[in-house]
Amino acid sequence: MAKVRNNKAWLFLLPAIVLLGFVAVLPLMMVAQYSFFDVFHIKSKVWVGLDWYRDVLGSIRFWETFGRSMLFSAIVLTIEIPLGIAIAVTIPKKGALSALCLVCMSLPLLVPWNMIAMIWHVFLALAFGAGWTLKIIPTWAAIVLMDVWHWTSLVVLLCYSSLTTIPSAFYQAAAVDGASRWNTFRYIELPKMKAVLIMALLLRFIDSFMVFVEPFRLNAGGPGSSTTFLAMELGQEVVSQDYGPASARAVIYFIMILTLSWAFKKALAAHESRKMREKMVVAIRKPA
Amino acid sequence: MTAVVPTKRIATIDIARFYAIALVFMGHFVEELMLLKNPAGMSLYKFIYSFHMLLFAVLAGYVAKEEVVDWPVAKFIDRCFTTRLLPFIFLTLVMMIPPLFFEGKFFGLPLPSLVGYFRGTVFTVFGLPSFCVPSWFLLMIIGVEIVHYAAFRYLKTSDLKILIAALLFYVAGYWLNLKLDIFNPLKGRIVGWNYLFIHGAITLYAFYLLGILLRRRRFLVGKVSIKRLLPAAVIAFLAVLFTYQLNDGPFNFHVYNYVVIMFASYGHFLLFPFTAIAGCALILLLSRMTRAQKTIVWLGQNTMLLMFLNGIFYHYINPPLAKWVLEGISSSGPVILILSGIVTLVSLALCMPLVYLFNTLVPQLVGKPKLTGLILKKPLHFRWLPPTIYILFLFLPLLPLVSVSLHVTLRGGATPVGEFTLSNYIRIFQNPVLTGAILNSIAYVTLNILITIPVALLAAYAFSRYTFVGDKHLFFGFLAVRMTPPVVMVLPVFLIFLQLDLVNKPLGIALAHCAFNVPISIWVLESFFSAIPKEFDETALLDGYSFLRFFVRIMIPLMAPGIAVAAFFCFMFSWVEIVFARVLTVTSGKPIGMAISTLFSFRTDIGLVMAMTVLSIIPGVLMICFARNHIAKGFTIRAGS
């Protein structure tokens, strides 16, 4: 289905652009502006140039937190993505049972974020008693467990949604060929899920990289600062009204995320063009 | 169902397993006597425990399939699951039932109560099967078999290698046990890791290898004269008898100061294996001398089930029985010995009908995957298992939430703490602040959906139908907006909204949430639009519809599923979001999440907090029920245009 080339399409996009310009782009520009000032009050500020950036990027603490956030994202992704795929593949494809599964699995996604930490607090206190909050490894384990509990379902829902679009003829063909379960997964289901998986990966990466509410409510970044992540440092600065440094930090985070999203887009483009090539190859071969 | 007896089984080994399980039953009876400080009980306990669990390891090695190591991982996991883990899970669930009716010995676990069940489940998951302590060995053998699967491929070529490996595994396991100190109840460590995968399994694998070696050397296979068996057995017996008392440490489990494999408490580096091997030899030789009586062999083939059934005696019967024996009958050595034997035999006899029932009704659930039973008539498949376990995991922390919300938790009220009550919910509806918060949340989420969906519909239509200058960049731009964390934007958004008088109002939050809901909705709706053929638009427009009429009258009804899914996503990210919702409501208009936070004080009524949390989930559940058919029907999401 060829798309029509028509620049009037911008008209359709205008509402979205205006809306997002107002709630996202304008605030971002303000943040960028503040990041060059020492803000005493909204109306009184002093130009400080790149001082805040130097402060933030020059501090060991920032890089420690950065490493911690990276580690957290890495752990969370290596658990959630394969687990999400495994669950999505095994959910029944139709019938009342599949709907029930989806409803049950969506539950964690519907709990207010600050309550997630509290629910886990109560549960962990029941299971392990008090005192685990004083130790680093149990706190990390609790935060990871909580994140897995909270967000794996999103991966499941996304993967499942793309799995249901596979025509049953594909599975029948695989059965006729005597394909093993693994091969069916590898050559039929995984390629179909690829696009969605990239999206899920990106969503989960960014959201876990910038995780804020849950670890903060669970143990306030403690013990010490062993579970303080990037967004939590920013949150602390916003709360203590250090608007200048907070803005510089926000800009740095935004640029980091933009870079990551851009890299992702590139990867996606490479993927799409490869797919196009494959399609062309098929199209060329067909007449022969 | 004794009809299906595998022909290849070696009767001697089954008899040895019978002796071993009898020793488990006996050991757990004399354990109670030992705990009551009966001298005979203490000696007998130390005697039995010096070798009886290692005997199981040796026997498991003796009958181990060597070709296991050539299996693909999937097959190994499958077998491990169907013959070990599934019976473990099933029988643990079964063993969770009796605490509801009988009082037993559960080491401080408050059973039957929700707290007790939760803690017990967590302990079980971490390797201490609290509901049936004797079943720990099943977990241990899983660990040993994993070590076997990983290591034996390098050893199978020669017996010498196996022997050296056995020694090395023993030394390594013993050393790790001293060094890692993973299990030490006095230090409050998590129980169970020791025998699951770490040094417990490594130490026991040495004995497993010994079993393999014995079979390879055809130990006790074929004709052996009683004239050689009897003296050998007597020597083995004397060896155990003279050495079992000598092993006095260092023990991991200081409380008993006995060999307790479950706690990786081995004692002396040389005396422990010496006594253990002598004990194993004793039982093997005895078994060889025992006539292959049908019942004994049958019991020997069902040791796993018996280990679970022993839990009934371990938790409920042995403690009072031991007390009664000591107080009511006698505490003298010979009497105790005879009585222990009788108790063991009677216990085993009582287990027999249960073993028969399990094997007849549900053999697939007790480690016999190839048989079929009267209740489970088909071989099992386990496709349903991962989602089920996952859903159980999701419900795990939600159950105490619901439970707490239904109980009185505040001290000093009219009703005592712990009483079942609906008052928490009633109080929410009497409190205008809390009901107001629910309404605020509903208001801003509804507003958000009402703003997001039309805007996103138009944009998604454009992305789906047209190419235009900068379309890819724009899509990326939208994506970048979604990726920007709320914390980054919260401050300027607050300042802007303050100027526009949008703070403290649902509309303010609704607008702020558009920043991440609009991109997501465009993304979802675009794929739905793309599923409708373009020719459809053209036909409609050719028929004389104006574009607006076409879009509202024809396109939107067609897009209903897409709109439902997009609305679900909006709801999902908006209802639960807390950063914007908190900052943008300074004095009033607080959403549900923030209202809950304000309930915390120095005298928090946790029941009320939990009730509010439960209520906060309900609209979401309704929302999913509304959108579920569309999600279940499936929608193709394309990752960008």
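All values derive from a computational prediction rather than experimental measurement. (Residues numbered from 1 in each chain as written. Chains lettered and ligands numbered in written order. Predicted model: local features only at pLDDT ≥ 70, side-chain atom pairs only at ≥ 80, totals over all residues. Heavy atoms only, no water.)

Some words on the overall build of chain B
Secondary structure summary: chain B contains 27 helices and one strand in total. A globule of 641 residues ought to have a C-alpha radius of gyration of about 26 Å, yet chain B, at 33 Å, is considerably larger. Each of the 641 residues in chain B was classed as buried or not, and the buried ones make up 58%. Within chain B, counting contacts between residues at least 6 apart in sequence, those at least 24 apart form 77% of the total. As presented, chain B carries roughly 27,400 Å² of accessible surface, and 71% of it is formed by carbon and sulfur atoms. Considering chain B, the positive charge centre built from 48 side chains and the negative charge centre built from 23 side chains are found 10 Å apart. (Helix = DSSP H or I, 4+ residues; strand = E, 2+ residues; numbered from the N terminus. Rg over C-alpha atoms; globule rule 2.2 N^0.38 Å. Buried < 20%, exposed > 50% of the residue type's maximum accessible area, 1.4 Å probe, protein only. Contact = heavy atoms within 4.5 Å. Areas by Shrake-Rupley, 256 points an atom, 1.4 Å probe, with all protein chains shown as cover. Lys, Arg positive; Asp, Glu negative; His and termini not counted. Charge placed at Lys NZ, Arg CZ, Asp CG, Glu CD.)

With respect to the side chain of Ser405(B)
Residues and elements named next belong to chain B. Mapped onto the secondary structure, serine 405 falls in helix α16 (residues 398-405). When its relative accessible area of 0% is taken as the criterion, serine 405 is described as buried. Apart from residues lying up to four places away in sequence, serine 405 is in contact with Thr421, Asn424, Tyr425, Gly607, Met610, Ala611 and Val614.

Thoughts on the interface of chain A and chain B
Between chain A and chain B, the contact holds 98 residues from the first and 103 residues from the second. Remark: the boundary between chain A and chain B carries one salt bridge. When the shortest N-O distance is used, the salt bridge between Asp207(A) and Arg482(B) registers 3.1 Å. Of all the elements, helix α1 (residues 9-34) of chain A adds the most residues to the side of chain A that touches chain B, at 18 residues. Taken together, the residues that form the side of chain A that touches chain B break down as 78 nonpolar, 14 polar and six charged. (Salt bridge = Lys/Arg side-chain N within 4 Å of Asp/Glu carboxyl O. Nonpolar A, V, L, I, M, F, W, Y, C, P; charged D, E, K, R; others polar.)

What to know about the packing of aromatic side chains
Two descriptors summarise a pair of aromatic rings, namely the distance from one centre to the other and the angle between the planes of the rings. According to the stated counting rule, one finds 57 aromatic pairs over all chains in the structure shown. Taking 5.8 Å as the distance between ring centres and 10 degrees as the angle between the ring planes, the aromatic pair formed by Phe212(A) and Phe216(A) counts as stacked. Pairing Tyr461(B) with Phe551(B) gives two aromatic rings, centres 5.4 Å apart and planes at 90 degrees, and the pair type is edge-to-face. With Tyr461(B) in helix α18 (residues 432-465) and Phe551(B) in helix α23 (residues 547-558), this pair connects stretches of sequence that are 90 residues apart. The two residues Tyr461(B) and Phe551(B) agree in class, both being buried. Note that Lys105(B) overlies the ring of Tyr314(B), its terminal NZ or CZ placed 5.5 Å from the centroid. Looking at Arg482(B), its charged tip hangs above the ring of Phe573(B), at a distance of 5.0 Å from the centre. (Phe/Tyr/Trp six-rings, centres within 6.5 Å; stacked < 30°, edge-to-face > 60°. Lys NZ or Arg CZ within 6 Å of the ring centre and 35° of its normal.)

Quick word on the domain arrangement of chain B
Under the domain assignment used here, chain B contains domain 1 (11-227 + 292-381) and domain 2 (427-633). Computed from C-alpha atoms alone, the centre-to-centre distance between domain 1 of chain B and domain 2 of chain B is 55 Å. (Domains from an automatic or database assignment.)

Some points on the confidence of the model for chain B
All names here are of chain B. Summarising the model, chain B shows a mean pLDDT of 83, and 93% of its residues fall at 70 or more. Averaged pLDDT values over the elements of chain B bottom out at 52 in helix α8 (residues 193-196) and peak at 93 in helix α3 (residues 52-62). Counting contacts from residues 1-7, a segment whose pLDDT is below 50, to residues more than four positions away or on other chains yields six contacts. (pLDDT = per-residue confidence, 0-100.)

Re the environment of Val335(B)
The residue Val335(B) is located in helix α14 (residues 333-361) in this model. Along the chain, Val335(B) and Trp298(B) lie 37 residues apart, while their C-alpha atoms are 29 Å from each other.

Some points on the confidence of the model for chain A
Atom-level detail of predicted coordinates should not be read off regions where pLDDT is low. Across chain A, pLDDT averages 81, with 91% of residues at or above 70. Mean pLDDT values for the elements of chain A range from 72 in strand β1 (residues 4-5) of chain A up to 90 in helix α3 (residues 60-90) of chain A.

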